[in-house]
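# Residue-level structural notes
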Amino acid sequence: MHLSSTLLAVNPLDAGSLLGAFGALGIAAVLFAETGLLVGFFLPGDSLLFTAGLLCTTGAHSGPHLDLAQVLAAAAVGALAGAQVGYIIGRRGGRTLLARSRNKRLHEGAVRAEELLNRYGHGKAVVLARFVPVVRTVLNPLAGALGVNARTFTLWQVVGGLVWTLGLVLAGYALGSSVPNVDHYLLPIVAVVVAVSLLPLAVELLRSRRQARAR
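Values in this document were obtained by computation on a predicted structure and should not be read as measured data.

This part is about helix α7 (residues 122-129). Of all eight residues making up α7, six are buried, and the element is well covered by its neighbours. Of the residues making up α7, those classed as buried are G123, A125, V126, V127, L128 and A129.

Now the structure itself:
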C-alpha cells in the first residue's frame, strides 16, 4: 500500500520528485528508459543528472542527500546499458516500432537523428546525440536499424554516455558545493544547463555551414 501511494505521488517529469522517491536506483532506471526505450523520450535526463549532483552535496539544499559515488555509477550504468539495448532493439525492428508511433516529437527526433548520422558520421553523431533531448532516445535504435557497425556504436556511445552523465552530475555537485541554497534557483539553472548541453551540436552545425559555403 505504501509503495503504491509512493508511485502515485511521483511526477516522472520532475527530477526532484524522482530522486526523492527512488534515489540512485531511479537515476539508472530513468536513463535506461530515456536512452534505450522509445517510450522514454519525455523523461528529464539532463535535469535529473544535474539535480542528482546537486543533491550529493551537504547542507546546500533542502532535498534528500544522495551519495556521489552511487549517483555516478547509477548514471553511467543506466545510460550505457540503455543505449546498447536501444541499438539491439533497432537491429531487430526499430523502423517498424518507430513507424507505429503517432507521436510527432518522436518522429521529429528520428529525422534529426538521421541527419546527424548522415552529416557527421557514426562516431561523432552518437556522441553529439547524447546532448540533445529526444534525439538521444531515437538515435540508438535508429543506428541499429541503419546497420551502424556494432563496435563503432559501442565505442562512441560509451564515450558520449560517460561525458554526458559524469559531466552533468559533477557540474551539479560543484555548483551545489560552492553556492548556499542553490536549489532555490534550480529551475533557471537547469534551463541554462540544457542550453549549454546543446552547444556541441550548435558548434558542429555552424562549422558544417561554413564549410559548405566555402565549397
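Back to the write-up after that little detour.
Attention shifts here to the packing of helix α6 (residues 104-120) against α7. The interhelical angle for the contact between α6 and α7, taken along N-to-C directions, is 140°, at an axis separation of 7 Å. The pairing of α6 with α7 is recorded here as oblique in orientation. You can see that α6 and α7 cross each other, and the crossing is right-handed. Counted together, L116, L117 and Y120 of α6 and H122, K124, A125, L128 and A129 of α7 form the full contact between these two elements. Among the residues making up the contact of α6 with α7, the classes are represented as six nonpolar, one polar and one charged.

Glancing now at the pattern of salt bridges. Applying the stated criterion to the full structure yields two salt bridges. The shortest N-O distance in the salt bridge between R136 and E34 comes to 2.9 Å. Of this pair, R136 sits in helix α8 (residues 135-145) while E34 is found in helix α2 (residues 15-36), placing the two residues 102 residues apart along the sequence. For R136, a relative accessible area of 3% puts it in the buried group. A salt bridge links D46 to R136; its shortest N-O distance comes to 3.0 Å. On the criterion of sequence distance, the pair formed by D46 in helix α3 (residues 45-54) and R136 in helix α8 is long-range, its members being 90 residues apart. Among the residues examined, D46 registers a relative accessible area of 3% and is labelled buried. Here the salt bridges do not stand alone but share partners, grouping E34, D46 and R136 into one network.

Right, let's get into the confidence of the model for the chain. Per-residue confidence for the chain gives a mean pLDDT of 78, with 69% of residues at or over 70. Summarising per-element confidence for the chain, the mean pLDDT is lowest in helix α1 (residues 2-9) (42) and highest in helix α4 (residues 68-91) (94).

For V134, which is not glycine, the phi torsion reads 75° and is therefore positive. Assignment of secondary structure puts V134 in the loop between α7 and α8. With relative accessibility at 6%, the residue V134 sits in the buried group.

A few words now on the nonpolar core. Across soluble globular proteins, you tend to see nonpolar side chains buried next to one another. Counting 23 residues, the largest nonpolar core has L19, I27, L31, L49, L66, V71 and W164 as its most contacted members. When residues of this core are traced back to their parent elements, those giving at least two are α2, α3, α4 and α9 (150-178). Examining the composition of this core, we find that seven residues originate from one element, α2, more than from any other. Every residue in contact with V71, bar those within four places of it in the chain, is listed here: A24, I27, A52, C56, L66 and V169. Membership of the second largest hydrophobic core comes to 17 residues, among which are L117, Y120, V135 and V148.

Next up on the list: the environment of E34. A relative accessible area of 1% places E34 in the buried class. With 52 residues separating them in the primary sequence, E34 and G86 have C-alpha atoms 9.6 Å apart. Every residue in contact with E34, bar those within four places of it in the chain, is listed here: G40, L43, G45, R136, T137 and W164. Polar side-chain contacts of E34 include one of 2.9 Å to the side chain of R136.

Within the structure shown, the criterion is met by one aromatic pair. Taking 4.5 Å as the distance between ring centres and 15° as the angle between the ring planes, the aromatic pair formed by Y87 and F153 counts as stacked. With Y87 in helix α4 and F153 in helix α9, this residue pair connects regions lying 66 residues apart in the sequence. The exposure class assigned to Y87 is buried, which follows from its relative accessible area of 3%. Its relative accessible area of 0% is what places F153 among the buried residues.

Inspection of the secondary structure assignment puts H122 in helix α7. H122 sits in the partly exposed class, given a relative accessible area of 37%. Along the chain, H122 and T152 lie 30 residues apart, while their C-alpha atoms are 7.5 Å from each other. Not counting the four nearest positions on each side in its chain, H122 is found in contact with L117, V148 and T152.

Criteria and cut-off values
- Residues numbered from 1 in each chain as written.
- Predicted model: local features only at pLDDT ≥ 70, side-chain atom pairs only at ≥ 80, totals over all residues.
- Heavy atoms only, no water.
- Buried < 20%, exposed > 50% of the residue type's maximum accessible area, 1.4 Å probe, protein only.
- Helix = DSSP H or I, 4+ residues; strand = E, 2+ residues; numbered from the N terminus.
- Axes fitted to C-alpha atoms, helices over the stretch in contact; angles between N-to-C directions.
- Parallel < 35°, antiparallel > 145°, perpendicular 65-115°, else oblique.
- Left-handed = near helix turned anticlockwise from the far one by under 90°.
- Contact = heavy atoms within 4.5 Å.
- Nonpolar A, V, L, I, M, F, W, Y, C, P; charged D, E, K, R; others polar.
- Salt bridge = Lys/Arg side-chain N within 4 Å of Asp/Glu carboxyl O.
- pLDDT = per-residue confidence, 0-100.
- Core = buried A, V, L, I, M, F, W, Y, C linked by side-chain atoms within 4.5 Å.
- Polar contact = N/O pair within 3.5 Å; in protein donor to acceptor, adjacent residues only side chain to side chain.
- Phe/Tyr/Trp six-rings, centres within 6.5 Å; stacked < 30°, edge-to-face > 60°.

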